[in-house]
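# Residue-level structure breakdown
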Amino acid sequence: MSYTKIKNISIKKDKVTFTAAESNIYPITYRTNESKWGTELVKAGNLEELIGEIIYDFSCGNFHSTNDHANRKFLYALTLNKDKTQPLFDIIWNGFDYETMTERYTKEQREEARIKLIKQYYQNYLIAEQVEKEHAGKEFQIEIDGGYFVKKTKNGFRYSYFKQYGAKFDYLSASILTESYLRGEYNPQVKEVA
C-alpha cells in the first residue's frame, strides 16, 4: 500500500509546504512542494482544520514520518487523549459489521465523528506545543525495568546499563518513543537528565 513519507511540514502565515516522497516510487526522492489546500486554509485562518487533518492523515497511515524530530508535535498529539480519540476513530474506520453484513453507523455519524476527531487532534496539538515550551532546553532519557537506558539506533534500539550511554532526547521525542515503540515493554519511563 502506498503512503507519503513526510520529512518536514512547514506552516507559515501565508504558505504551507511539505518535504515528502512517495513510498512506492524508487529511487526515493524528497521534494518540497507547496500545499495549495493547506495554504488556502492558513490564509483563511482555519489552522484548526489544517493541523487536525494532518494529524488525521498520520493516524490513518497516509503519512509516515521519516524525521521524528521535525514532526514530533504532530506525532505527540497522536499519543494524547486516546480515551477520546480512539472511539471516534473506531466509528470512522470500524463502521461495518461483517457478521450481519450491515453498516453500524450512517455516513452522517461517521462524518460527525471525523469532525470531532479533527478538533480533538488540534486540541492535542496545542497541548503538545505547551509541553514543548515547558520542557524547552531540557534533556531526557528513557529508563526501562532493570535500570537499563534506551539508545535509538538506525535499525531499532539498544539498551545500556550505564546511564552515560543512554541516548538523550527532548521531552516530546522521548514520549513518542515510549508510547509508540516501547509501550507495554519493560515499563518505560521518561526521566529528566540531572
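Predicted model, so just to flag it, every value in this text is computed and none were measured. (Residues numbered from 1 in each chain as written. Predicted model: local features only at pLDDT ≥ 70, side-chain atom pairs only at ≥ 80, totals over all residues. Heavy atoms only, no water.)

## Comments concerning the sheet that holds strand S1 (residues 4-11)
The strand order S3-S2-S1-S4 describes an open sheet built from four strands, whose pairing is mixed. Each having just a single partner strand, strand S3 (31-34) and strand S4 (63-65) make up the two edges of the open sheet. Averaged over all adjacent pairs, the angle separating strand axes in this sheet is 45 degrees, with direction ignored. The strands touched by helix H1 (residues 36-43) within the sheet are S1, strand S2 (16-22) and S3, with S2 carrying the most contacts at an inclination of about 160 degrees. (Pairing = 2+ DSSP bridges. Helix = DSSP H or I, 4+ residues; strand = E, 2+ residues; numbered from the N terminus. Axes fitted to C-alpha atoms, helices over the stretch in contact; angles between N-to-C directions. Contact = heavy atoms within 4.5 Å.)

## Regarding the packing of aromatic side chains
In total, this model carries 10 aromatic pairs according to the counting rule given. Between Phe58 and Phe63 the ring centres are 5.6 Å apart and the planes differ by 80 degrees, which places this aromatic pair in the edge-to-face class. Accessibility expressed as a relative area gives 8% for Phe58, which makes it buried. Taking the centre distance of 6.0 Å and the plane angle of 85 degrees together, the rings of Phe162 and Tyr165 count as edge-to-face. We classify Phe162 as partly exposed; its relative accessible area is 48%. These aromatic residues form a ring-pair network of at least three members: Phe18, Phe58, Phe63, Phe74 and Tyr125. Cation over ring: Lys7 sits above Tyr30, and NZ or CZ is 4.4 Å from the ring centre. Positioned over the ring face of Tyr56 is Arg114, at 5.5 Å from the centre of the ring. (Phe/Tyr/Trp six-rings, centres within 6.5 Å; stacked < 30°, edge-to-face > 60°. Buried < 20%, exposed > 50% of the residue type's maximum accessible area, 1.4 Å probe, protein only. Lys NZ or Arg CZ within 6 Å of the ring centre and 35° of its normal.)

## Some thoughts on the sheet that holds strand S9 (residues 156-160)
Adjacent strands of a sheet pair through backbone hydrogen bonds, lying either parallel or antiparallel. The four strands lie next to each other as S9-S8-S7-S10, forming an open sheet whose pairing is antiparallel. Only two strands of the sheet have a single partner each, and these edge strands are S9 and strand S10 (189-192). Taken pair by pair, the neighbouring strands of this sheet meet at an average axis angle of 45 degrees, ignoring direction.

## What about unusual backbone geometry?
The peptide bond linking Tyr26 to Pro27 adopts the cis configuration, its omega dihedral lying at -5 degrees. Turning to its location among the elements, Pro27 is positioned in the loop between S2 and S3. One non-glycine residue, Asn81, lies in the positive phi region at around 50 degrees. Its place among the elements puts Asn81 in the loop between helix H3 (72-79) and helix H4 (82-93). Look at Asn81 and you get partly exposed, because its relative accessible area is 26%.

## Some details on the side chain of Glu53
Residue position: Glu53 is located in helix H2 (residues 47-60). Leaving out residues up to four positions away in the same chain, Glu53 has contacts with Trp37, Arg114 and Ile118.

## Describing the confidence of the model for the protein chain
The predicted model of the protein chain has a mean per-residue pLDDT of 87, with 98% of residues at 70 or higher. No element of the protein chain has a lower mean pLDDT than S9, at 79, and none a higher one than S3, at 94. (pLDDT = per-residue confidence, 0-100.)

## Focus: the packing of H2 against H4
How two helices pack is summed up by the angle between their axes together with the distance between the axes. At a minimum axis separation of 13 Å, H2 and H4 run at an interaxial angle of 70 degrees. By the criterion of interaxial angle, the relationship of H2 to H4 is roughly perpendicular. Packed against H2, whose contacting residues are Tyr56, Ser59 and Cys60, the element H4 presents Phe89, Ile92 and Trp93 at the interface. Of the residues that constitute the contact of H2 with H4, the class distribution is five nonpolar, one polar and no charged. (Parallel < 35°, antiparallel > 145°, perpendicular 65-115°, else oblique. Nonpolar A, V, L, I, M, F, W, Y, C, P; charged D, E, K, R; others polar.)

## With respect to helix H5 (residues 107-134)
Here H5 contains 28 residues, and its C-alpha end-to-end distance of 41 Å stays within 8% of the 40 Å for a straight helix at 1.5 Å per residue. Taken residue by residue, H5 has Ala113, Leu117, Ile118, Gln120, Tyr121, Tyr122, Asn124, Tyr125, Ala128 and Val131 as its buried positions. (Expected span 1.5 Å × (residues − 1).)

## Remarks on the pattern of salt bridges
Charged atoms that come close allow side chains of opposite charge to pair. Per the stated rule, a full pass over the model turns up 10 salt bridges. The residue Arg72 makes a salt bridge to Glu132 at a minimum N-O spacing of 2.6 Å. Pair noted here: Arg72 is in helix H3 and Glu132 is in helix H5, with a separation of 60 residues, a long-range link. Taking the relative accessible area as the measure of exposure, Glu132 reaches 22% and is therefore partly exposed. The shortest N-O distance in the salt bridge between Lys191 and Glu143 comes to 3.1 Å. (Salt bridge = Lys/Arg side-chain N within 4 Å of Asp/Glu carboxyl O.)

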